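# Fold and geometry: a report
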Amino acid sequence: MIGAVDIGGTKIAVGIVDDSGAVLAKVESPTAGERGYADGLARITGMLREAARKAGAEISGIGIGSTGWVYSFTGEFGDVDFLPLWKGCNPVADLGRAFAVRVALENDGDAAALGEAGWGAGRGKRRLIYVTVGTGIGGGIILDGQLYRGVDRSHPEVGHHVIDASGPPCTCGFRGCWEALATGPAMAAWYKSNGGGHGMHRGALGAKEIFQLARDGDACARRAVERETYYLGLGLANLIGLFVPDMIVLGGSVMKSVRLEDLRGVIAQGCRFVPWEKTELALASLGEDANLIGAARVWHYRFGDGTETAA
Ligand SMILES: [Zn+2]
């Protein structure tokens, strides 16, 4: 039984995940990064013990998936937007000591990619890219069954390739990144600034509502959906052009509303120098707990039935 820890911008979820990827028990807490690292570590430790008690399980290893820049092999946290006070802290070492088990850490995009590759929609695919589209765009790349790592074992950011250099500014420093154009908030911002949602309760207008308005015949919402589909499709076309993977698995809240055949329509407009039709598009299959399940898979990938070769 693996103790799984998913550290996100708003919450920390902890669970017990069995060897088939099923979540047996789950406990959550707000991230509350301003309370510092010692507080966060104490909460994670307490939640792991509580989840293990609920599941009637003994923790034999711990896997962590975390937002932001983390050093997978030293276990240290780098510059994470939501957790500035955690910089340089090492939950891998600290949880390893507290539970006397081995602990593995990855960026949450890589963790979810490993989860979908091991237990989800991407099972058995040698070349797999996972993309999540929600309030941000993130993901992970698996090539020949191995998680792709960059120099210094870094995590590539699929959300930060530039789609339109004249687009809105991005947090990374460029303008018009995929993440600046095709996330749920980007879609909502475009809709509002183009006159959509007049006379409506504006606070509640997110991507999901705009997709619904488009289905109800709202002309501005339809344009917002067309624009969203086009930018999502362009980003996918870029990934297909660069990697021609067996499959791209798509997760995140925005993907609940997008039609895959519409994305394929965009991809078909270009990509003529690669066999793009052979790259399958599939929706993520691990559901709401995808990141938690992915965190458990991180442990299996690093220490379990052993797929990771020396980097
Ligand atoms: Zn960017």
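Now for a look at the structure at hand. Just so it is clear, the model here is predicted, and its values are computed rather than measured.

Quick look at the sheet that holds strand β6 (residues 128–133) now. One open sheet accounts for five strands, arranged β8-β7-β6-β9-β10; its pairing is mixed. Only two strands of the sheet have a single neighbouring strand rather than two, namely β8 (146–147) and β10 (280–283). Pairing geometry for strand β9 (residues 247–251) and β10, over four bridges, is parallel. The residue of β10 that forms the bridge with I248 is L281.

As a further point, take the pairing of strand β7 (residues 137–143). The buried count for β7 comes to six of seven residues, which makes it a mostly enclosed element. The sheet contact formed by β6 and β7 spans six bridges and is antiparallel. Within the sheet, the bridge partner assigned to L128 lies in β7 and is I142. Here β6 folds back onto β7, and the loop between the two strands holds three residues. Sheet topology places β7 next to β8; two bridges connect them, and they run antiparallel. Bridge pairing in β8 links L143 to Q146. The turn joining β7 and β8, which pair antiparallel and follow one another in sequence, is formed by two residues; a positive phi near 50 degrees is taken by D144.

For the rest of this paragraph, the subject is unusual backbone geometry. Here the phi dihedral of A100 falls at roughly 55 degrees; this positive angle occurs in a residue that is not glycine. The exposure class assigned to A100 is exposed, which follows from the 7 C-beta atoms found within 10 Å. Unlike most non-glycine residues, R153 shows phi in positive territory, near 55 degrees. Its location among the elements puts R153 in the loop between β8 and α4 (178–182).

The rules we used
- Residues numbered from 1 in each chain as written.
- Predicted model: local features only at pLDDT ≥ 70, side-chain atom pairs only at ≥ 80, totals over all residues.
- Pairing = 2+ DSSP bridges.
- Helix = DSSP H or I, 4+ residues; strand = E, 2+ residues; numbered from the N terminus.
- Buried ≥ 20, exposed ≤ 12 C-beta atoms within 10 Å, placed from the backbone.

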